[in-house]
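A look at the structure
What follows is each chain in one-letter form.
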Amino acid sequence: MPFLKNLWYVAANAYELDEPMVSRKICNEQILMFRTSSGEVAAMDDKCPHRFVKLSLGKRVGDNVQCGYHGLAFGRDGSCVDMPNDPEYAIPPCVKSYPAVERYGVIWLWMGDKERADPAKIPAFDFITDPDFAVSQGVSHYKANYQLFTDNLLDLSHVHYLHPHLHQGAQFAHFENKLKVEGDTIWSMLWRHRYPVTESSREMWGMDVDEVEGQGHSRWNAPSLMYVPTAFWEHGKTIDEGIQSPSAHLITPETEYTSHYFWAIGRNYRQDDEEISRRNSEGVKFVFDTQDGPMIESQQQAMGLSTDFLDHKPVILKADAAGVMARRMLKRWIKEEQREAEAASEAIAAE
Amino acid sequence: MPFLKNLWYVAANAYELDEPMVSRKICNEQILMFRTSSGEVAAMDDKCPHRFVKLSLGKRVGDNVQCGYHGLAFGRDGSCVDMPNDPEYAIPPCVKSYPAVERYGVIWLWMGDKERADPAKIPAFDFITDPDFAVSQGVSHYKANYQLFTDNLLDLSHVHYLHPHLHQGAQFAHFENKLKVEGDTIWSMLWRHRYPVTESSREMWGMDVDEVEGQGHSRWNAPSLMYVPTAFWEHGKTIDEGIQSPSAHLITPETEYTSHYFWAIGRNYRQDDEEISRRNSEGVKFVFDTQDGPMIESQQQAMGLSTDFLDHKPVILKADAAGVMARRMLKRWIKEEQREAEAASEAIAAE
Amino acid sequence: MPFLKNLWYVAANAYELDEPMVSRKICNEQILMFRTSSGEVAAMDDKCPHRFVKLSLGKRVGDNVQCGYHGLAFGRDGSCVDMPNDPEYAIPPCVKSYPAVERYGVIWLWMGDKERADPAKIPAFDFITDPDFAVSQGVSHYKANYQLFTDNLLDLSHVHYLHPHLHQGAQFAHFENKLKVEGDTIWSMLWRHRYPVTESSREMWGMDVDEVEGQGHSRWNAPSLMYVPTAFWEHGKTIDEGIQSPSAHLITPETEYTSHYFWAIGRNYRQDDEEISRRNSEGVKFVFDTQDGPMIESQQQAMGLSTDFLDHKPVILKADAAGVMARRMLKRWIKEEQREAEAASEAIAAE
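Cut-offs applied
- Residues numbered from 1 in each chain as written.
- Chains lettered and ligands numbered in written order.
- Predicted model: local features only at pLDDT ≥ 70, side-chain atom pairs only at ≥ 80, totals over all residues.
- Heavy atoms only, no water.
- Least-squares fit on C-alpha atoms with pLDDT ≥ 70 in both.
- Axes fitted to C-alpha atoms, helices over the stretch in contact; angles between N-to-C directions.
- Helix = DSSP H or I, 4+ residues; strand = E, 2+ residues; numbered from the N terminus.
- Parallel < 35°, antiparallel > 145°, perpendicular 65-115°, else oblique.
- Left-handed = near helix turned anticlockwise from the far one by under 90°.
- Contact = heavy atoms within 4.5 Å.
- Nonpolar A, V, L, I, M, F, W, Y, C, P; charged D, E, K, R; others polar.
- Buried < 20%, exposed > 50% of the residue type's maximum accessible area, 1.4 Å probe, protein only.
- Pairing = 2+ DSSP bridges.
- Polar contact = N/O pair within 3.5 Å; in protein donor to acceptor, adjacent residues only side chain to side chain.
- Buried area = accessible area lost by both parts, 1.4 Å probe.
- Salt bridge = Lys/Arg side-chain N within 4 Å of Asp/Glu carboxyl O.
- Disulfide = S-S within 2.5 Å.

This part takes up the relation of the copies chain B and chain A. One copy of the chain maps onto the other through a rotation about an axis followed by a shift along the same axis. Expressed as a screw transformation, the operator carrying chain B onto chain A has a rotation angle of 120° and an axial translation of 0.1 Å, and the superposed copies differ by an RMSD of 0.0 Å. Here the symmetry operator amounts to a three-fold rotation axis. Closest to the rotation axis within chain B is the C-alpha of B:Leu305, separated from it by 11 Å.

Structure follows, in C-alpha cells:
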C-alpha cells in the first residue's frame, strides 16, 4: 500500500535540530533537516544532484549545506548557491525541498504537493508546549508498519496483558468504551468508573481516596498520530479538577516495514519534580522498547512483506472497532489520492 | 523442492520441554510446543489468530497458553478457551495443532494430514532410551539444506579428511562397503576388518588387542534421520560381545536453507563414567560445529538459493551411491504427494 | 551491466601469496590462488566439483590443493591428481583455471578466453617494483561498484572538500586541467602552478622554497586501474629533478556492488625513512577508509541495485569529463564483447 502523500508527517523532535543537521528517512525518502539562523526549518532531499551522496556527510556553512564531496552548496529552499569547481555551469541544479512547520514540539513535513500544504491541517497536541504541563519527549525506531501502532493504541484492552505492571483494578471488559468519529478524526473513548487507587498513585497524585473516576481515551489522526489524554479525578468532582497525564504517540513510516515513533508525555501535577519526569520518560521507553515494540514487531514478522493487516483475515474483536475504522479511512484516502494522481497524469497525456 | 508433509519430523529433544514453552520453526512453520501437566505434548501454530503475534511471547496458564497481547488463551488442541476482553464473541477462533509423539528421547511432529499420523511409522532409535546405554543429547543449527546432512552421513569416506583426529588406520577405499535397501530404509554398510586399536581406545574400551573388527553402518530414513550403530569387537567374538557406540543424527528442515540437527550418542561400556560422557558430548559438538557444519554450509553457499544438489551435475563417486539413492527416493515421494494433493484439489473443484 | 571478460584484473597483492592459499571473489567468481614451489601462481575455481565446497577449506599438499571433505586433490592447472576413495573413477574431474601473471607487485588474472590472455596488455605500474622507489602496498574492501572509484580518481577536484587536511593553496578551479586520450588509456592531466609549500612539506621534501610547480595527473585503464604520478619540483627546474610520489589505485569488482581496492604508494626521496613509509601507508588507508570509502558507498546506496551511474541523470560538471569518457569507453567495450559472444553462440547453433 502506498503512503498518503498530501499529509503532514512528524519528522523530528524539535530539540533534535539543536544539532547542525538531522537526516532521516520518511516514507522512503531520505530527508535532511536543519534550523537556520532565523529559526526556520529547512528540509530537503539528502542527496546531492551531482554524485548522489548524502549532503548530510558534508557540513553547514551558515544557512547553507555544503556537499562533502565536491563542495556544491545548497540554500534552505534546496537551490544551489555555490559550485566552486565549475563556476560557469549554466543551469544551477537544485534538490527537492519540503514544506516544514515546527509546532507542538515537533517538526512536521508535508510529503505531497507543496501548494496544498496547509498548517491548519495539523492536529492539535497543545499540551506539549503548554506551560501548565511538564513534558518529556523522545524517539524510538521499530521494525513494523506504522498502522500496527494505530491498532495498538486505539485498543487499550492490551494494557492488562502486555503491561501488567500498569494494570490497576478491573479488566478492560468492565470499562465503558465508545467509538466516536468527527470528520477525519477517530476517538476510542474509555471511562474507568470507580478505578482503584494504589498506594503509590495516592501519594503521587495527592488524592486521599480509594477510588477515582478515570478516562483513557485515544484519538487518531492519519497517518498514525495518537493523542491519549489520560486523566483521573475524584468522584463528584470534574475532570478539570483532576490529575491529567496526556501523551502523544506520533508514528511516522520510515519504510513500509519500519517506523519512527516520536512520543511526548506530560502531567499537570508536580511539574517541577524531576524524579517523576525521569520516571515517566523511562516508563514510556521501557514499555515501548520491551513490551509493545517486540509484540508489534512479532506481528510484522508474521505478516512478512505485507502491510495490509486486514488482508490476512484476522479474528476481529469488539475492541478492534476503532482500529479497523482507522485502517479503512486511511485506505480510502490513499485510493482517492491514487485516482487523483492517475487522472492528473492522464489529463497531461491528453494535452 | 517442497517438503514431504506426511512424515514425522523431530522438533525438539524431550528435555527441552522442561521449559514452559519451546518455539521452533519446522518446515517453514513456527510451532509452539509444551508439555501439559499430564505429560502429553501440545504442538500448535505459534501465532495468535487475533493479531498474529507469537503465542510464545505470552505465558503458560495451567495447561493453556495465554497470548501476551490481549489475553486470548488456547488449550493443548489449539482451541480458544478464553477471550477475556470480548466474552460474547460468537465463533471462538482456534489455531492449527499438530499430532505430537514423545519417543526415543525426542518430540516427533506430524506435518501432514492428521488422520494419517501413525506413530508406528517412526523409525526405531531404541538405544536413546535403553537403560543399557549411557546417552548424551544435544541440538545445533546450520545454514544448509537438510539433505546435505544425508549425503554427509551416508558417505563416511569423509571421516579420513574432515576428521583426521578420528582417523585410525587404513583409508576408506580399503574398507568393505555395501548398500542395502529395505522398504523405505537405506543402509550404507561399512565393515572395518583388522582395524588398528590405538593406545587410548585400548584403555577406554578395555580390549587388550592390537586389531579389532569394526562396523560403521549408516541407516537412513526420510527426511534425514540417520542411525549410526558404530561397534568394535575382538576378532573371533561376536558384535554383541563388543563395545557399541551408536549415534542418532536427526536432521529437520527449519527452512529450505537452514536445518536443526538433533543428535544423541550412546555407549554400552563404562556407562557411569561422567568423563567419557562429557568427552563424547563435546566431541560430537566439536566435530559438527567446526568440521562438518562449516563444510556443509560452504556447499549450500555454492548452491545459492537452490536445494536440489543433483541438479548442479556434481561429480558422483562410488561412495555417493547411498546418498544419491536417498535423494531419489525422497524426491519421488515428494512428487507423489504433490500429485495426490493436486488430484484431491481437482476432485474438490469438480464437485 | 556485465563485466568485461577479456581483461586483466588485479586479484591480490603479491605479498598475500606468502600464505598457503588466498581465496577471493573476483567478478562474482570465487577464485583460489596459491604460489607453487617454482614460484608460479596458480588460480582456479575455489569449488570442488564433487561436493562444491571451497577447496580453500582444505590444505596444500605440495604444489596441489587437497579438498578438506573427501580428499580430492587438484594440480596448479585445475586437473584432478588424486581421488583417494575412488581410485578407479574413469573420467577425472577438473576445475576451471585462470591465466595468472605476477607483475608490478600484484597478481593479474585473465577472466575471459584463455587464448586471448596476453600479458603485454597489462598497463605499466613500473614504480611499484622500481628499486629507486620506496613503496607501500595494501588492500581494502568497499560496498560500491568499481566504476565509482574511476569517477573519484579521475576528478581530483574532490580533494579540496573531502580531504581538506591534504589541501594546500588554491582551489581546483584555479589549476590547469586537460583531458588526453591515447588508445585505450585516458589521462586527466592536472598542473598546479605556483603551488604553496607548507612548513612540513618543505622539510620532508628538502626544498627550501615557498612555491613549487606541481602535477597531479590521473591515468585510467579498464576496468578501474588508476596511476597517479604526483610530483613537485622547483620553478625553473624539471620534473625529473623534483620529488615524486606516484600511486596506483587498482580497483577490481568483487560483485556488481562491492569492490576490492589494491593500492600502492611510492616515493623517490628518503627511501629508507621508515617513518615516512608508515605515515604514507596510514595516510592512504585513513583517507580511503574514512573519507572516499564512506562517500563512494553513500553514492552506491543512493543508486540502489543499479550500476550505471549515468542512467540516473546526474548533474555533470566540467571536471567529470574524464570519468564520463571512461564510463562510455568501458560500456562500448562491454557491448562489443556481448555482441561477439552472441555471434559466436549463434554460429555454434547454426552448425
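A few words now on the packing of helix 1 (residues 147-154) of chain A against helix 4 (residues 274-303) of chain A. Residue and element names in this part refer to chain A. Where helix 1 meets helix 4, the closest approach of the two axes is 10 Å, and the angle between their N-to-C directions is 125°. When the interaxial angle is binned, helix 1 and helix 4 end up oblique. Of the two possible hands of crossing, helix 1 and helix 4 adopt the one that is right-handed. On helix 4, the residues that touch Leu148, Phe149, Asp151, Asn152 and Leu153 of helix 1 are Phe288, Asp292, Ile296, Gln299, Gln300 and Met303. Here the residues of the contact of helix 1 with helix 4 sort into six nonpolar, three polar and two charged.

Glancing now at the pairing of strand 3 (residues 29-35) of chain C. Residues and elements named next belong to chain C. Counting buried positions along strand 3 gives six out of seven residues, so the element sits mostly inside the fold. The pairing of strand 2 (residues 22-26) with strand 3 spans five bridges and is classified as antiparallel. Opposite Arg24, over in strand 3, you have Ile31 as the bridge partner. For strand 3 and strand 4 (residues 41-45), the ladder comprises five bridges, and the chain directions are antiparallel. Within the sheet, the bridge partner assigned to Arg35 lies in strand 4 and is Val41. Taking the residues between adjacent antiparallel strands as the criterion, strand 3 and strand 4 are bridged by five residues, where Gly39 takes a positive phi near 95°.

Residue and element names in this part refer to chain B. Mapped onto the secondary structure, Ser218 falls in strand 15 (residues 218-221). Residues Ser218 and Leu156, 62 residues apart in the sequence, show an inter-C-alpha distance of 8.4 Å. In this structure the side chain of Ser218 is engaged in a polar contact, spanning 2.7 Å, whose partner is the backbone oxygen of Leu153.

Right, let's get into unusual backbone geometry. At the junction of B:Ala222 and B:Pro223, the peptide bond is cis and its omega measures out at 0° in the coordinates. Positive phi, close to 55°, is recorded for A:Tyr104, a residue that is not glycine. Here A:Tyr104 shows up in the loop between strand 9 (100-103) and strand 10 (106-110). Backbone geometry at B:Cys27 places phi at a positive 50°, although glycine is not the residue there. Within the fold, B:Cys27 resides in the loop between strand 2 (22-26) and strand 3 (29-35). The exposure class of B:Cys27 is buried, given its relative accessible area of 9%.

Let us now look at the pairing of strand 17 (residues 243-253) of chain A. All names here are of chain A. Burial analysis of strand 17 places 10 of its 11 residues in the buried class, which makes it a mostly covered element. Bridge analysis of strand 16 (residues 225-233) against strand 17 gives eight bridges, and the strand direction is antiparallel. When the sheet's bridge partners are listed, Pro229 is paired in strand 17 with Pro246. Relative to strand 18 (residues 259-267), strand 17 runs antiparallel, the two being bridged by seven bridges. Within strand 18, the residue paired with Thr252 across the bridge is His260.

Looking now at the interface of chain B and chain A. On the chain A side, the residues contacting the 23 residues of chain B number 26 residues. Here chain B and chain A share an interface that buries about 2,100 Å² over both sides, 59% of which is from carbon and sulfur atoms. At the junction of chain B with chain A, the criterion picks out two salt bridges. Where B:Arg51 meets A:Asp320, a salt bridge forms, and the shortest distance between an N and an O atom there is 2.6 Å. Remark: the boundary between chain B and chain A carries eight residue pairs in polar contact (both at pLDDT 80 or more). A per-class count over the side of chain B that touches chain A returns 12 nonpolar, six polar and five charged.

Residue and element names in this part refer to chain A. Following the criterion strictly, the structure yields zero disulfides over all chains and no others. Just so you know, Cys48 is unpaired, no disulfide at all, and the nearest cysteine sulfur is the one on Cys67, 4.0 Å from it. Given a relative accessible area of 0%, Cys48 falls into the buried group. Not engaged in a disulfide, the cysteine Cys80 finds its nearest cysteine sulfur in Cys48; these two sulfurs lie 7.8 Å apart.

As a further point, take the interface of chain C and chain A. Taken together, the 26 residues of chain C in the interface contact 23 residues of chain A. Counting every contact that joins chain C to chain A gives two salt bridges. Between chain C and chain A we count eight residue pairs in polar contact (both at pLDDT 80 or more) in total. Every element with two or more residues in the side of chain C that touches chain A is listed here: helix 1 (147-154), helix 2 (159-162) and helix 4 (274-303) of chain C. When the residues that make up the side of chain C that touches chain A are grouped by side-chain class, the tally is 14 nonpolar, seven polar and five charged.

Next up on the list: the sheet that holds strand 2 of chain B. Residue and element names in this part refer to chain B. Spatially, the three strands line up as an open sheet ordered 2-3-4, and their pairing is antiparallel. Of all the strands in the sheet, just strand 2 and strand 4 (41-45) have a single pairing partner and so form its edges. Geometrically, the sheet is characterised by an average inter-axis angle of 30° between neighbouring strands, direction not taken into account.

Tracing the chain through its elements places C:His70 in the loop between strand 6 (64-66) and strand 7 (73-74). Judged by its relative accessible area of 4%, C:His70 is buried. Here B:Asp155 takes part through its side chain, which lies 3.2 Å from a polar atom of the side chain of C:His70. In contact with C:His70, not counting residues within four places along its chain, are B:Asp155, B:Ser157, B:His158, B:Tyr161, C:His50, C:Arg51, C:Pro84 and C:Asn85.

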